[in-house]
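# Residue-level structure breakdown
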Amino acid sequence: MKTNEIWVAPSLLSADFAHLGADCDKMAAAGAKIMHFDVMDGMFVPNISFGIAVLKSLNQYTDAPMDVHLMIREPHRYVRQFAEAGADYITIHVEAESDVAGTLALIRECGAIPAISVKPGTPVEEIFPYLEQVGMVLVMSVEPGFGGQSFMPVCLPKLRALRAEAERRGLDYRIEVDGGINLETAKLVIEAGADTLVAGSALFKAADPAAFIREITQ
Ligand code: DX5
Ligand code: ZN
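Summary of the structure given here. (Residues numbered from 1 in each chain as written. Chains lettered and ligands numbered in written order. Predicted model: local features only at pLDDT ≥ 70, side-chain atom pairs only at ≥ 80, totals over all residues. Heavy atoms only, no water.)

### Thoughts on the coordination of the zinc ion (ligand 2)
Applied cut-off: Coordinating donors are taken to be N, O and S atoms lying within 2.8 Å of the metal, or within 3.2 Å when the metal is Na, K or Ca; because water is excluded from the atom set, some sites may appear incomplete. Elements are defined by DSSP. Helices are runs of H or I of four residues or more, strands are runs of E of two residues or more, and each kind is numbered from the N terminus. Each residue is assigned to one of three classes by its accessible area relative to the maximum for its type, calculated with a 1.4 Å probe on protein chains only: buried under 20%, partly exposed between the two thresholds, exposed over 50%.
Bound to the zinc ion (ligand 2) on the protein side are His36 (NE2), Asp38 (OD), His69 (ND1) and Asp178 (OD), at distances that span 2.0 to 2.3 Å. Mapped onto the sequence, the donors of the zinc ion (ligand 2) take the spacing H-x1-D-x30-H-x108-D. Linking His36 in strand 2 (residues 35–40) with His69 in strand 3 (residues 66–71), this pair joins segments that are 33 residues apart in sequence. For His36, a relative accessible area of 0% translates into the label buried.

What follows is the structure, given as structure tokens:
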């Protein structure tokens, strides 16, 4: 199987919301390939972030591809609007209440790339039935809801299993990991098979974001 280029996806949850566009510019200039946009509804996770209107404005401002992570209870109700607002990738959770296969198909029909995610406590096998449908899988390495949490090594065997499954079935999805990624944990997840690394607090706090991204991607 071909090895994908490593991408760092800045989690905009750690950005300055009064200057989201400028923060996207800064991260794109530092070498980020894709912006990670965490949507929370206060139901699927105990927090509320931003949504469709903010994505639309941001997408009109920047050319950076948008990686939309829906931590919402009923994603099928909103995927069309997120796609129309400019989402390039749309990730739903297998633990959400929507029909998974139907929602992934709807995302594709709306012109975005579908992706499926698992929380730390969910066995990775639960997403195996959907791997043919997706362009990316997202393994959570923290409990979804908040930036700045510590990395959970439970993601590592899941990343390996997804890499092995891609080879076994001849599939070509990207493997993304989200939560607690810093320069040390980045090495572990890449070694385990991840090629798309979400980084929030560590990247936004870095004195030199370009050096941070370079160190991970080279
Ligand atoms: C958590 C979000 C993450 C988070 C990552 O629910 O999905 O994208 O913002 O932030 P850090 O890198 O600080 O763990
Ligand atoms: Zn996320």
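Next, the rest of the story.
### Describing the nonpolar core
Just so we agree on the cut-off: Put simply, buried Ala, Val, Leu, Ile, Met, Phe, Trp, Tyr and Cys residues joined by side-chain atoms within 4.5 Å make one nonpolar core. Any pair of residues with heavy atoms lying within 4.5 Å of one another is described as a contacting pair.
By size, the foremost hydrophobic cluster in this structure holds 64 residues, and its most contacted members are Leu159, Leu162 and Val189. At 5 residues, the largest contribution of residues to this core is made by helix 5 (residues 155–169). Beyond its immediate chain neighbours, meaning those up to four positions away, Leu159 contacts Val139, Ile175, Glu176, Val177, Val189, Ala192 and Ala194. Counting 7 residues, the second largest nonpolar core, distinct from the first, contains Trp7, Tyr89, Ala115 and Val198.

### Some thoughts on the site of ligand 1
As a reminder of what qualifies: Summary of the distance rule: residues count as near a molecule or strand when at least one heavy atom falls within 4 Å of that molecule or strand. Here a polar contact means two N or O atoms within 3.5 Å. Within protein one must be a hydrogen donor candidate and the other an acceptor candidate, and residues neighboring in sequence count only if both atoms are side-chain atoms. Methods summary: accessible areas were calculated by the Shrake-Rupley approach with a probe of 1.4 Å, and residue burial reflects only the protein chains presented. Buried and open spaces are told apart on a 1 Å grid over the protein atoms alone, a cavity being a set of points where a 1.4 Å probe fits but cannot get out and a pocket being an open set with protein on both sides within 12 Å along at least five of seven lines. Residues with an atom within 4 Å of a point are the lining residues. To qualify as sitting in a cavity or pocket, a molecule needs more than half of its atoms within 2 Å of the grid points. The residue classification treats Ala, Val, Leu, Ile, Met, Phe, Trp, Tyr, Cys and Pro as nonpolar and Asp, Glu, Lys and Arg as charged. All others, Gly included, are polar.
Near ligand 1 there are 20 residues, and of these Asp38, Gly145, Asp178, Gly200 and Ser201 occur at the shortest range. Taking His69, its side chain carries an N or O atom lying 3.3 Å from an oxygen atom of ligand 1. Between ligand 1 and Ser201 there is a distance of 2.6 Å, counted from an oxygen atom to a side-chain nitrogen or oxygen. Alone, ligand 1 offers 380 Å² of accessible surface; in the complex the protein occludes 100% of this. With respect to the detected pockets, ligand 1 is housed in the largest pocket. Contributions of two or more residues to the shell around ligand 1 are made by strand 2, strand 3 and strand 8 (196–199). Top element by residues in the shell around ligand 1 is strand 2. It accounts for 3 residues. Within the shell around ligand 1, the residues separate by chemical class into 8 nonpolar, 10 polar and 2 charged.

### Some details on the pairing of strand 4 (residues 89–93)
As a reminder, the rule being used: When DSSP locates at least two bridges between a pair of strands, those strands are taken to pair. By convention, a crossover is right-handed whenever its connection, traced from the first strand over the helix to the second and viewed with the strands pointing away, goes clockwise.
The buried count for strand 4 comes to 5 of 5 residues, which makes it a mostly enclosed element. What you see with strand 4 is no split at all: Tyr89, Thr91 and His93 on one side and Ile90 and Ile92 on the other are buried throughout. Pairing analysis gives 5 bridges linking strand 4 to strand 5 (residues 113–118), with the strands arranged parallel. The partner of Ile92 across the bridge, within strand 5, is Ile116. As a crossover connection, the stretch from strand 4 through helix 4 (residues 100–109) into strand 5 is right-handed.

### Structural notes on helix 5
Working note: α-helix, 3.6 residues per turn, so residues spaced by three or four point in the same direction. Quick note on the threshold: Given a helix with a known number of residues, its expected span is that number minus one, times 1.5 Å.
Counted at 1.5 Å a residue, the expected span for helix 5 with its 15 residues is 21 Å, and the 21 Å between its end C-alpha atoms agrees. Within helix 5, the full set of buried residues consists of Cys155, Leu156, Lys158, Leu159, Leu162, Arg163, Glu165 and Ala166. On its buried face, helix 5 is in contact with strand 5, strand 6 (136–140), strand 7 (174–178) and helix 6 (183–192). The positive-phi residue at the C-terminal boundary of helix 5 is Gly170, with phi of around 65 degrees.

### Some words on the sheet that holds strand 6
Operational definition: Axes here mean lines fitted to C-alpha atoms, for a helix over just the part in contact, with angles spanning 0 to 180 degrees between N-to-C directions.
What the 8 strands build is an open sheet, ordered 1-8-7-6-5-4-3-2; its pairing is parallel. Among the strands making up the open sheet, the edge pair consists of strand 1 (7–10) and strand 2. Looking at each pair of strands side by side, their axes are set apart by 25 degrees on average, direction ignored. Examined bridge by bridge, strand 3 and strand 4 share 3 bridges and lie parallel to one another. When the sheet's bridge partners are listed, Val68 is paired in strand 4 with Ile90. Those strands touched by helix 4 are strand 4 and strand 5, and its axis lies near 145 degrees from that of strand 5.

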